[in-house]
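A structural walkthrough
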Amino acid sequence: MSIVIFGDVFTFPEGQAATNRVYTYAKGFKENGKKVYVICSTSLYLDTPNGVVDGIPYYHPFEQKKRNKYFLVRRWQNILKNIRTYRLLKRINKEDKIEAINRWSNLFLTHMICWVYCKLLRTKLVTECSEHPLGQPLGKYQYSAFGKKMGIIKFKIEAFFSDGILCISQYLVNFHTAKGIKANKLFLVPSTVDPSRFVRTGDKPIANPYVGYFGSLSFKRDNVDLLINAFAKFSSHYPQVQLILGGFCSESHKIVMNELIEQLGINDRVHIIDYLTRQQVLRYITHADILVMVRSNDFESDASYPSKLTEFLATGNPVISVKVGEIADFLTDGKNAFLVEPGNVQQLAEKLKIVFDNYEFAQQVAIKGKELADTTFNYNYQSKRIIDFISS
């Protein structure tokens, strides 16, 4: 029996937060005795579309190396992608009966195509829900009363045509039940992490002690400006400490970020590092003296749970996090992490100073945080739970 992870919100094997969660699912399924296949349905132009990583076969059925200049040809290529996907699923099903397809997408069409695949193959459709259903893509279903209505209709149809739904938070479980979705379809799977990937190796990337943030670099959802402003206040106490900001950053965001850093007069202490490989990111994360998770306090944060936070905890380094969504359901200030109120620059600056002033105590707190990554958030444990849910 096998499980297929299929979708267009992640790239594989390298990518952002969704890719990391897909990887933990796939590795966990494999270790728990299931054959697993990852199919990325995004229309990416790749020289090598298929491969195997850590024993996990992955496929990009689009199979194009460069973009065709003709619109109709591109549309035809997308139709061929769906045909290739079905042929691939049919072959997998013949070799290793597919028990379920785990679908990852924000697009209605992708969901319905996946439902057709499941019906033809007589298998189960299990939907991943790691974000607010009305918040993706780009929150378009929140802009007007009509948009909200359309979002609810889309959400209900997708839920109806799913055999199971994996929710990353209790908020999302409650949201589904409040909209009339049957409770037996819903299964809570918190953030997942593979602690073995966050073992410190190699030399420290910079000589100075540093505070690290690694994730999307933006001011709106990720609220990185909160960290920059807090660091400026804190750095007068510890001028030798650096701030490393690593992750994807658009050119427009980088300009705004650099302007703020220059205004605060901390150019020589803040480093924006983008285009890092996965291994380089891991090196920076595992060697950080403090890791900070910042995020805006909005309905999308209420619904989701940041995967980077569980990754930070897995390092065993002191972690400071803003208290949004269900973070406080798992973390307690001064026990297994250090928590601050969202948007509070002064409190974050003070917390940075407290951690450095009491670093031995902070390391003891960090050990407790790592225990969560090794147990509650552990990929193997959560994947076993998902397998049992699918079987039920």
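Residues numbered from 1 in each chain as written. Predicted model: local features only at pLDDT ≥ 70, side-chain atom pairs only at ≥ 80, totals over all residues. Heavy atoms only, no water.

Take the nonpolar core next. Counting 76 residues, the largest nonpolar core has Ile228, Leu245, Val292, Ile320, Leu331 and Leu348 as its most contacted members. Other than its neighbours up to four places away in sequence, Leu245 contacts Tyr213, Leu217, Val224, Leu227, Ile228, Met257, Val270, His271, Ile272 and Ile273. Ile3, Phe29, Ile56 and Val126 belong to the second largest nonpolar core, which has 25 residues in total. (Core = buried A, V, L, I, M, F, W, Y, C linked by side-chain atoms within 4.5 Å. Buried < 20%, exposed > 50% of the residue type's maximum accessible area, 1.4 Å probe, protein only. Contact = heavy atoms within 4.5 Å.)

Right, let's talk about the layout of surface pockets for a bit. Any empty space left between atoms is shown by rolling a water-sized probe over those atoms. Roughly 220 Å³ of volume is contained in the second largest pocket. Counting residues per element, the ones that place at least two in the lining of the second largest pocket are helix H2 (71–95) and helix H3 (108–121). For the lining of the second largest pocket, the per-class residue count stands at four nonpolar, six polar and two charged. (1 Å grid on protein atoms, 1.4 Å probe; cavity = no way out; pocket = protein on both sides within 12 Å on 5 of 7 lines; lining within 4 Å. Points joined across faces, edges and corners; volume = space filled by probe spheres on them. Helix = DSSP H or I, 4+ residues; strand = E, 2+ residues; numbered from the N terminus. Nonpolar A, V, L, I, M, F, W, Y, C, P; charged D, E, K, R; others polar.)

With that settled, consider helix H5 (residues 170–178). Along H5, the residues that are buried comprise Leu172, Val173, Phe175 and His176. The arc that holds every buried residue of H5, seen down its axis, measures 160 degrees, which confines them to one face. Considering only its buried residues, H5 is in contact with strand E6 (124–129), helix H4 (145–160), strand E7 (164–167), strand E8 (186–188) and helix H9 (299–303). (Arc of directions from axis to C-beta.)

Okay, helix H13 (residues 359–374) next. Along its 16 residues, H13 runs 22 Å from first to last C-alpha, staying within 8% of the 22 Å computed at 1.5 Å per residue. Buried within H13 we find Ala362, Val365, Ala366, Gly369, Leu372 and Ala373. The buried residues of H13 all sit within an arc of 110 degrees when viewed along its axis, so they share a single face. Turned more than 90 degrees away from the buried face of H13 sit Glu360 and Ile367, all of them exposed. Looking at the packing, one finds that the buried side of H13 touches helix H10 (307–314), helix H11 (327–330), strand E14 (338–340) and helix H12 (345–357). (Expected span 1.5 Å × (residues − 1).)

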